[in-house]
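# A structural walkthrough
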Amino acid sequence: MKKILLFTTLLFCSLISFESNAQIKIGVGANVNIGLQPVWGPVGYSHVDYYYLPGIDVYYNVPQHQYVYFENNQWINSPSLPPRYGNYDMYNGYKVVINEPRPYLHADVYRARYQGYRNVHARQAVIRDSRDPKYYEIADHPMHAHWKEHHDNDHHDNDHHDNGHHGGGRH
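About the criteria used
- Residues numbered from 1 in each chain as written.
- Predicted model: local features only at pLDDT ≥ 70, side-chain atom pairs only at ≥ 80, totals over all residues.
- Heavy atoms only, no water.
- Helix = DSSP H or I, 4+ residues; strand = E, 2+ residues; numbered from the N terminus.
- Contact = heavy atoms within 4.5 Å.
- Areas by Shrake-Rupley, 256 points an atom, 1.4 Å probe, with all protein chains shown as cover.
- Buried < 20%, exposed > 50% of the residue type's maximum accessible area, 1.4 Å probe, protein only.
- Pairing = 2+ DSSP bridges.

## A closer look at the overall build of the protein
The helix and strand tally for the protein stands at 4 helices and 7 strands. Start at the N end of the protein and walk to the C end: the helices and strands fall as α-β-β-β-β-β-β-β-α-α-α. For the protein, contacts bridging at least 24 residues in sequence account for 51% of all contacts bridging at least 6. Surface accessibility of the protein: about 11600 Å² in total, with carbon and sulfur atoms responsible for 54%.

Structure follows, in structure tokens:
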């Protein structure tokens, strides 16, 4: 009986101390990292390893929160872009999702494939502006409080404007 109690206590303690991670494994081979994706990333992807930014020929490593750019004949990993890209608009620049390890090692392939997007500023829907609950339900995400507030306000506004009329017909 003491062994069962000890085992149960250890199991319970390990579950309590389990630290949640924004990268979640679901099933065999399934990987979700929505909470790691930056708010300027395009919507619609449950998993992203890298974004390629053809407008500035830079990669962004989502799990590591690092930009990868070529400088002085080598690939640099940095939490921020160098000053030469200071005017680049992450929200309006085109982004390509690449789920492959170290895609920058094949930079010539990606430059050729996406050269037509180099100066494209067609706005992709970005995570920051999404109303999809899969984004704002992640409490660890930096925009969680902002999304939650807007989501709650939207529901409050809809309830307020409803005025008790249901069914869609005219009264």
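## Considering the environment of Glu71
By the element assignment, Glu71 lies in strand E5 (residues 66–71). Note on Glu71: relative accessible area 27%, which makes it partly exposed. Each C-alpha atom of the pair Glu71 and Pro82 lies 9.7 Å from the other, and the pair is 11 residues apart in sequence.

## Things to note about the pairing of strand E3 (residues 50–53)
Of the two faces of E3, the one holding Tyr50 and Tyr52 and the one holding Tyr51 and Leu53 are both buried throughout. In this structure, E3 lies alongside strand E4 (residues 58–61), joined through 4 bridges in antiparallel fashion. Of the residues in E4, the one forming a bridge with Tyr50 is Asn61. Following E3, the chain reverses through 4 residues before pairing antiparallel with E4; Asp57 in that reversal takes a positive phi of roughly 55 degrees. As defined by bridge partners, E3 adjoins strand E7 (residues 96–98) across 3 bridges and the pair is classed as antiparallel. For Tyr52, the partnering residue across the bridge sits in E7 and is Val96.

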